[in-house]
Amino acid sequence: MDSLDGDGEMVIFIGRCKCCLNEGDLKNMWTPYTYEGETEIYGMMLTECFALSWQQPDDNMKYMDMICISCISRLRDALAFKREVLVSEEVLRENQDEMKVEEDLEEEEEKSEYNDVEYLEVPDSLNKDELNEEYLSDEQLLSSDNSLLIECKRKRSKRLTKEDRNKTYKQYTEEELQMAVDAVQNNEMSHTEAAELFNVPTKTISAKIRNIANEEEEQSQSPEENRKRKFPKKLPKQDRNKTYKQYTEKTLRIAIDAVQNEGMSCNKAAEKFKVPRKTLALRLQNAIAKKEEPDDDDASKIIDQEKHYKLVEEIKSILTYTNAIPYKSRLSRYYCAYCSTYGPAFDDADDLRTHTKTKHVDNRTKGVDQIMRPHWLNEVLRIDIHSLHCTVCCTILPTWNDMFRHLEDVHEVVLDEAYNRVIPYILARELKCALCGEAFPNYHMLDGHMNTHYSSYICSECGDTFLSASRLKKHVEVHSTGRFPCEVCGKVYNLKKYMKKHFVIVHGQKDQYKCSYCPERFSRTFQRHQHVLENHKEMVKIKTCEICGKTFDWMPYYSAHMRRKHGNKKNYKCKQCDKRFPMKYQLRDHQEKHLEERNFVCDVCSERFKTKAGLVRHCQLHHNFPTAKNQTVK
């Protein structure tokens with residue numbers, strides 16, 4: 001390649017691209033090549049695209065003009081884009097010329113209608129300067145003795161009355177209009193020619209053609225696309241919360257005080273403190289009504305509101321001074337408290353903690369008000385206290401109660417409502433109660449166990465305690481026994497909740513388990529797990545047993561392994577030998593050994609066994625069977 005250096009001398013680079021000076025896979029710029037059935041000469045393409053002054057060198061110098069594969073690809077795109085722009089410009093120019101011709105024709109028609117020549121007589125008393133048609137009245141023109149020829153060109157026609165206007169306008173039939181439209185659509189004549197032939201206004205023909213085109217377009221669209229919304233599209237609930245209710249209870253109370261004591265108007269207070277105007281007006285109205293006619297119900301509501309407000313402020317203090325993570329749960333899966341159950345679901349608590357610390361670091365305390373709304377549905381808050389420590393002084397807090405004592409003694413933060421309404425959990429691989437240390441095989445059993453530590457609500461029928469009113473309300477359904485038939489199949493259940501569960505699973509939405517990584521839904525959790533293994537292998541997390549090193553690709557497998565192989569609790573006891581087992585099926589298999597009957601018979605040698613496992617081992621050892629297919633139960 002050749003180029004100019006600082007002294008104006010020619011410098012030659014051989015074996016490099018002339019466009020980018022890179023080495024690599026090069027082609028000659030002046031040799032014809034075939035690409036997708038078309039012949040390309042890259043030197044001519046560069047000259048056409050960028051108007052360069054490059055010329056084809058002699059045959060013995062062609063080896064110096066080279067171009068790389070990367071620049072060839074970019075050159076094709078640039079040249080194609082340039083050609084497309086030029087074609088578009090030509091089309092636009094033709095359309096503009098056609099529109100200009102039509103406008104000129106319409107102007108000529110208007111001039112031919114109103115450019116009439118009139119011969120008028122002008123009296124001698126008028127001067128030549130006054131010989132203007134705009135200053136002549138009808139009487140002067142008619143009574144004139146001396147005639148003077150002038151050409152009177154009216155720029156505008158005289159506006160007729162409405163009755164006279166209707167005599168000259170719309171004096172065409174629907175058939176004539178349709179014939180004119182058909183002639184234009186079939187390209188038999190232009191708008192102006194059709195308007196003149198059929199005595200129909202040009203604008204009317206154009207409007208009719210546009211309406212026909214719009215109707216055809218609407219018919220080709222689906223009903224959902226064709227339907228016009230009167231109101232803006234309603235956002236999903238998770239997106240709605242991003243713009244609505246983004247205020248704190250403290251800010252709302254400051255706005256109420258500004259209206260009541262400082263004389264500020266409701267609209268100004270709502271705008272200044274960024275509080276919904278209707279919410280502010282409703283709270284003001286309720287406050288005035290309670291002052292005028294106080295009663296016991298209002299007093300209890302005020303007490304509940306104050307307790308909830310105090311709870312929210314104490315939760316903010318906990319999140320400020322510690323690394324605790326608020327969360328929600330549904331169907332034994334973890335959800336971010338800030339995203340709610342509409343956000344992503346997590347099977348692993350580590351993923352939940354990582355998500356909360358990275359995505360919601362800015363609104364860790366600001367989002368508490370939104371999490372706890374409405375207060376009658378959010379009486380308690382679950383908090384993960386895994387590896388709990390103070391974020392201010394970096395003190396490790398081994399237990400939940402140590403946190404309360406540390407905040408009060410060291411940081412002078414006194415917590416009251418949080419004692420009974422903030423529920424601690426330690427979300428780890430081995431689930432244990434954060435208060436008593438009892439281990440549980442799954443989260444569902446741990447969640448039910450927490451009712452024993454928080455006895456705020458007691459069932460009047462059986463005396464069971466619950467930590468929230470919603471849990472108590474759900475529990476009361478257990479005592480309302482009766483006959484509850486299914487509306488679809490007629491199957492009868494003693495409890496209403498069992499009938500509802502049957503209806504949902506059998507007749508309702510069977511696919512209630514949604515994949516965390518795609519829109520697919522499944523009727524069982526195991527089906528969802530198989531789907532993830534097949535379609536989302538990169539998202540599968542391998543869990544390793546810290547005791548024996550065995551690996552698992554599903555959390556239920558890992559939990560069952562820990563209970564079966566390394567669990568300390570053996571709740572299932574054999575009645576005959578007092579041996580205990582951690583799993584029920586292990587007890588069932590063990591009890592078969594105490595049976596005197598040998599019901600499992602080998603079809604090859606007719607030897608009998610007490611258990612199916614014994615028959616399987618016999619067939620594998622003595623008959624080389626991979627499985628016990630030759631077995632008979634007698």
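Look a little higher up for the structure.
First, a word on what this report is: a plain description of the structure on this page. Since this is a predicted model, take the numbers as computed values, not measurements.

1. Digging into the overall build of the protein
Next up, step 1: Counting its regular elements, the protein contains 24 helices and 28 strands.
Next up, step 2: Looking at the protein residue by residue over its 634 residues, the buried ones come to 29%.
Next up, step 3: Here the contacts in the protein between residues at least 6 apart in sequence split such that 44% fall between residues at least 24 apart.

2. Details of unusual backbone geometry
Next up, step 1: A positive phi angle is found at N187, which is not glycine, with a value near 60°.
Next up, step 2: Locating N187 in the fold gives a position in the loop between α5 (174–185) and α6 (191–198).
Next up, step 3: We note that K274 has phi near 55°; this positive angle belongs to a residue other than glycine.

3. Things to note about the environment of E271
Next up, step 1: With respect to the helices, strands and loops of the structure, E271 is situated in helix α11 (residues 266–273).
Next up, step 2: Taking the relative accessible area as the measure of exposure, E271 reaches 66% and is therefore exposed.

4. As for the nonpolar core
Next up, step 1: Counting residues in each nonpolar core, the largest one holds 42 residues, and the members touching the most others are I315, Y334, M372, M403, L415, Y425 and L427.
Next up, step 2: For this core, the elements supplying multiple residues, two or more each, are α13 (296–321), β10 (333–336), α14 (349–359), α15 (368–371), β12 (381–384), α16 (400–409), β13 (422–425) and α18 (443–449).
Next up, step 3: With five residues, the single largest contributor to this core is α13.
Next up, step 4: Beyond its immediate sequence surroundings of up to four residues, L415 is in contact with E314, S317, I318, M403, F404 and L407.
Next up, step 5: C68, I72, L75 and L79 belong to the second largest nonpolar core, which has 15 residues in total.

5. Points about the packing of aromatic side chains
Next up, step 1: A complete count under the given rule lists 11 aromatic pairs for this structure.
Next up, step 2: Seen from their ring centres, F404 and Y419 are 4.1 Å apart, and the 15° between their planes marks the pair as stacked. Placement of the pair is F404 in helix α16 and Y419 in helix α17 (residues 418–421), with a sequence separation of 15 residues.
Next up, step 3: Consider the rings of F552 and Y558, whose centres lie 6.2 Å apart with planes at 70°: the pair is edge-to-face.

6. A closer look at the sheet that holds strand β11 (residues 345–346)
Next up, step 1: Pairing is mixed in the open sheet, where five strands are placed in the order β11-β10-β9-β12-β13. A single partner strand is all that each edge strand has here, and the edge strands are β11 and β13.
Next up, step 2: One ladder, built from two bridges, connects β10 with β11; its direction is antiparallel. Residue pairing in the sheet places Y335 in a bridge with A345 of β11.
Next up, step 3: On top of the sheet, α14 reaches β9 (325–330), β10, β11 and β12; it is set at about 5° to β10, its chief contact.

7. Considering a nonpolar patch on the surface
Next up, step 1: A grouping of V488, F503, V504, I505 and V506 is seen on the molecular surface, where their side chains present a nonpolar patch of about 360 Å² in accessible area.
Next up, step 2: Residue placement: I505 occurs in helix α20 (residues 496–507).
Next up, step 3: Residue I505 is classed as partly exposed on the basis of its relative accessible area of 30%.

8. Here's the deal with a positive patch on the surface
Next up, step 1: The grouping of K570, K579, K593 and R617 at the surface amounts to a positive patch.
Next up, step 2: Tracing the chain through its elements places K579 in the loop between β24 (572–573) and β25 (580–581).

9. With respect to the packing of α5 against α6
Helix-helix packing: each pair is described by the crossing angle between the helix axes and the interaxial distance.
Next up, step 1: In the contact formed by α5 and α6, the axes pass within 9 Å of each other and the chain directions differ by 155°. It follows that α5 is roughly antiparallel to α6 by the angle criterion. α6 is crossed by α5, and the crossing has right-handed handedness. Taken together, the residues of α6 that come into contact with α5 (itself represented by E176, M179, A180, A183 and V184) are H191, A194 and F198.
Next up, step 2: Residue composition of the contact of α5 with α6, by class: six nonpolar, one polar and one charged.

10. Let's talk about α11
Next up, step 1: Residues A269, A270 and F273 constitute the buried set of α11. Considered in projection along α11, the buried side chains sweep an arc of 100° and stay on one side of the axis. Opposite the buried face of α11, by more than 90 degrees, sit the exposed residues K268, E271 and K272.
Next up, step 2: One or two residues past the end of α11 sits K274, with phi positive at roughly 55°.

11. A few points about the pairing of β10
Taken residue by residue, a regular strand's side chains alternate between the two faces of the sheet.
Next up, step 1: Side-chain alternation along β10 places R333 and Y335 on one buried face and Y334 and C336 on a second face that is also buried.
Next up, step 2: Relative to β10, β9 runs antiparallel, the two being bridged by four bridges. Note that in β10 the partner of R330 across the bridge is R333.
Next up, step 3: In this structure, the hairpin formed by β9 and β10 is closed by a connection of two residues, where L331 is found at a positive phi of approximately 55°.

12. Here's the deal with the pattern of salt bridges
Next up, step 1: A full pass over the atoms with the stated rule returns 18 salt bridges.
Next up, step 2: The partner of R83 in a salt bridge is E48, and the shortest N-O contact between them spans 3.2 Å. Separated by 35 residues along the polypeptide, R83 in helix α2 (residues 69–114) and E48 in helix α1 (residues 42–50) bring together distant segments of the chain.
Next up, step 3: Judged by relative accessible area, which is 39%, E48 ranks as partly exposed.
Next up, step 4: Between E249 and R283 there is a salt bridge, and its shortest N-O distance comes to 2.9 Å. Taken as a pair, E249 in helix α10 (residues 249–261) and R283 in helix α12 (residues 277–292) lie far apart in primary sequence, 34 residues in all.
Next up, step 5: According to the relative accessible area criterion, E249 is buried, its value standing at 18%.

Procedures and definitions
Residues numbered from 1 in each chain as written. Predicted model: local features only at pLDDT ≥ 70, side-chain atom pairs only at ≥ 80, totals over all residues. Heavy atoms only, no water. Helix = DSSP H or I, 4+ residues; strand = E, 2+ residues; numbered from the N terminus. Buried < 20%, exposed > 50% of the residue type's maximum accessible area, 1.4 Å probe, protein only. Contact = heavy atoms within 4.5 Å. Core = buried A, V, L, I, M, F, W, Y, C linked by side-chain atoms within 4.5 Å. Phe/Tyr/Trp six-rings, centres within 6.5 Å; stacked < 30°, edge-to-face > 60°. Pairing = 2+ DSSP bridges. Axes fitted to C-alpha atoms, helices over the stretch in contact; angles between N-to-C directions. Patch = residues over 30% accessible without salt bridge, like charges linked within 9 Å, V, L, I, M, F, W, Y side chains within 5 Å. Areas by Shrake-Rupley, 256 points an atom, 1.4 Å probe, with all protein chains shown as cover. Salt bridge = Lys/Arg side-chain N within 4 Å of Asp/Glu carboxyl O. Lys, Arg positive; Asp, Glu negative; His and termini not counted. Charge placed at Lys NZ, Arg CZ, Asp CG, Glu CD. Parallel < 35°, antiparallel > 145°, perpendicular 65-115°, else oblique. Left-handed = near helix turned anticlockwise from the far one by under 90°. Nonpolar A, V, L, I, M, F, W, Y, C, P; charged D, E, K, R; others polar. Arc of directions from axis to C-beta.

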